[in-house]
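# Observations on chain architecture
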Amino acid sequence: MKRKNLILLLKYLLAGIIAILWIIPFLGVLMTAIRPLNEVIYGWWNFKNFHVSFENFFNAWRHPTAPLSQGVKNSLLVAFPSTIFPIFISALAGYGFARFSFPIKNYLFITIVLLMSLPQQMIAVPIFQTMNNLKLLNTYLGLIVVHTAWGLPWLIFFLRNFFITLPIEIEEAAKIDGAGNFTIFFKIILPISLPALLSASVLQFMWVWSDFFLALILIYSPDKLLVTQRIPLMRGIYHVDWGALTGGTIIAMSVPLLIFAFLQRYYIKGMVGWSTR
C-alpha cells in the first residue's frame, strides 16, 4: 500500500513539474503584457516594482499599423464558416462510412486517413496556383474553401468512429416506422451526436483561428489580414514594442480559449463518450 502511495505521489510530482515548465513561458508573456516596459526590461520575474496596466492591450487593439480590432473581425469571418461547413459535410460522410456499404469504401477511407498526414508545406504551391486560377486569391472565400478541404479528412475520421459506437437499433426502429435515411440522420443521429459535433467544432475552430501558414500564402491585402498575420507586423522596424506584441498575443489566444471554456463539457463528452459506451 505504501509503495502504491509513493508511486502516486511521484506521478503527481512529475505532473506538477511538467505543468510548471509549461506555464512559465506564458507567465513571461502575461507579465510583459500587463506591466510597463521599465518594470520588465531587466526580467519579468523582477517584482521589485509591480504595477498592473492594460495599456499594452489597448495599444495592440488600436495599433496604427496592424490593429487587432480589424484582425479579430477578419478571423471570425473566416473561422466560423471554416468550422460549420466541414462539420456538416464530415457528418454526412462519416455517417455514410459508418452505416453504408459501397464499392471501394475501404480504399477510400484509407485514402482519407493518409491525407491526414499530408504536410501543408508540401502542397502550398498547388494551393496557391489553384486559388489563383479560380480567382479566389486574396479572398476570404478562397481561404474558407481551403480550410474546409483541409479539415475534412480528420473530421470524417473522427465522426465516423463516433457514429460506429451509436446503437443501430434506434435507426432500425425508425426505419420500421417509415423514416428514410435522411430523416434518421437529421432528426435522430445529429441530435444525439451533439457532444461529438461540438468537440470537433472546438478543435476545428481553434486550428483555423491559429492558422498562419495558409493565411500567409492566400491573404495579402493590409485590410484583410487575419489576427495571426497582424501580430508579427507589430514589431516595427527600429523598435520592438514587446508590450504590444505580448498584449496582442494574449488577445489572439483569448478567443479560442473562451470558445473552449464555454463548450468544455461538450468537448469532454465528445472525446471520451464513444470510448465509454
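Residues numbered from 1 in each chain as written. Predicted model: local features only at pLDDT ≥ 70, side-chain atom pairs only at ≥ 80, totals over all residues. Heavy atoms only, no water.

Further remarks concern the overall build of the protein. Summing up its helical and strand segments, the protein has 14 helices and zero strands in all. In the protein, the succession of helices and strands from N to C terminus is α-α-α-α-α-α-α-α-α-α-α-α-α-α. Scaling as 2.2 N^0.38, a compact globule of 277 residues should have a C-alpha radius of gyration of about 19 Å, whereas the protein reaches 23 Å, well beyond that. In the protein, which comprises 277 residues, the proportion classed as buried is 40%. Considering only contacts in the protein between residues 6 or more positions apart, those separated by 24 or more positions represent 73%. Taken as a whole, the protein presents about 16800 Å² of accessible surface, with 71% of it coming from carbon and sulfur. Of note, the protein has its 20 positive side-chain charges centred 7 Å away from the centre of its 9 negative side-chain charges. (Helix = DSSP H or I, 4+ residues; strand = E, 2+ residues; numbered from the N terminus. Rg over C-alpha atoms; globule rule 2.2 N^0.38 Å. Buried < 20%, exposed > 50% of the residue type's maximum accessible area, 1.4 Å probe, protein only. Contact = heavy atoms within 4.5 Å. Areas by Shrake-Rupley, 256 points an atom, 1.4 Å probe, with all protein chains shown as cover. Lys, Arg positive; Asp, Glu negative; His and termini not counted. Charge placed at Lys NZ, Arg CZ, Asp CG, Glu CD.)

All told, the structure shown has 15 aromatic pairs when counted by the stated rule. Measuring from centroid to centroid gives 5.8 Å for phenylalanine 97 and phenylalanine 102, while their planes differ by 55°, and the two rings are tilted. The exposure class assigned to phenylalanine 97 is buried, which follows from its relative accessible area of 7%. Pairing tryptophan 154 with phenylalanine 158 gives two aromatic rings, centres 6.1 Å apart and planes at 65°, and the pair type is edge-to-face. Taken together, the positions of tryptophan 154 and phenylalanine 158, both in helix H7 (residues 140–165) and four residues apart, correspond to about one turn of that helix. (Phe/Tyr/Trp six-rings, centres within 6.5 Å; stacked < 30°, edge-to-face > 60°.)

Averaged over all residues, the pLDDT of the protein is 86; the fraction at 70 or higher stands at 95%. This model gives residues 273–277 a pLDDT under 50, and the stretch forms eight contacts once residues within four places in sequence are excluded. (pLDDT = per-residue confidence, 0-100.)

For the structure on display, the rule yields one salt bridge. Here glutamate 171 makes a salt bridge to arginine 99, at a shortest N to O gap of 2.8 Å. Taken together, the residues glutamate 171 in helix H8 (residues 168–176) and arginine 99 in helix H4 (residues 68–99) connect sequence positions 72 residues apart. (Salt bridge = Lys/Arg side-chain N within 4 Å of Asp/Glu carboxyl O.)

Attention now moves to helix H13 (residues 242–262). For an α-helix the count is 3.6 residues per turn, leaving residues at separations of three or four pointing the same way. The terminal C-alpha atoms of H13 lie 30 Å apart, and with 21 residues this matches the ideal 30 Å at 1.5 Å per residue to within 8%. The sharpest bend along H13 reaches about 30° and sits at serine 254, with the proline proline 256 one to four residues further on. The set of residues buried in H13 consists of Gly243, Ala244, Leu245, Thr246, Gly247, Gly248, Ile250, Ile251, Ala252, Val255 and Pro256. Those residues of H13 that are buried are in contact with helix H1 (2–34), helix H3 (55–61), H4, helix H10 (194–210) and helix H12 (227–230). (Expected span 1.5 Å × (residues − 1). Bend = angle between axes of the 7 residues up to and from the residue.)

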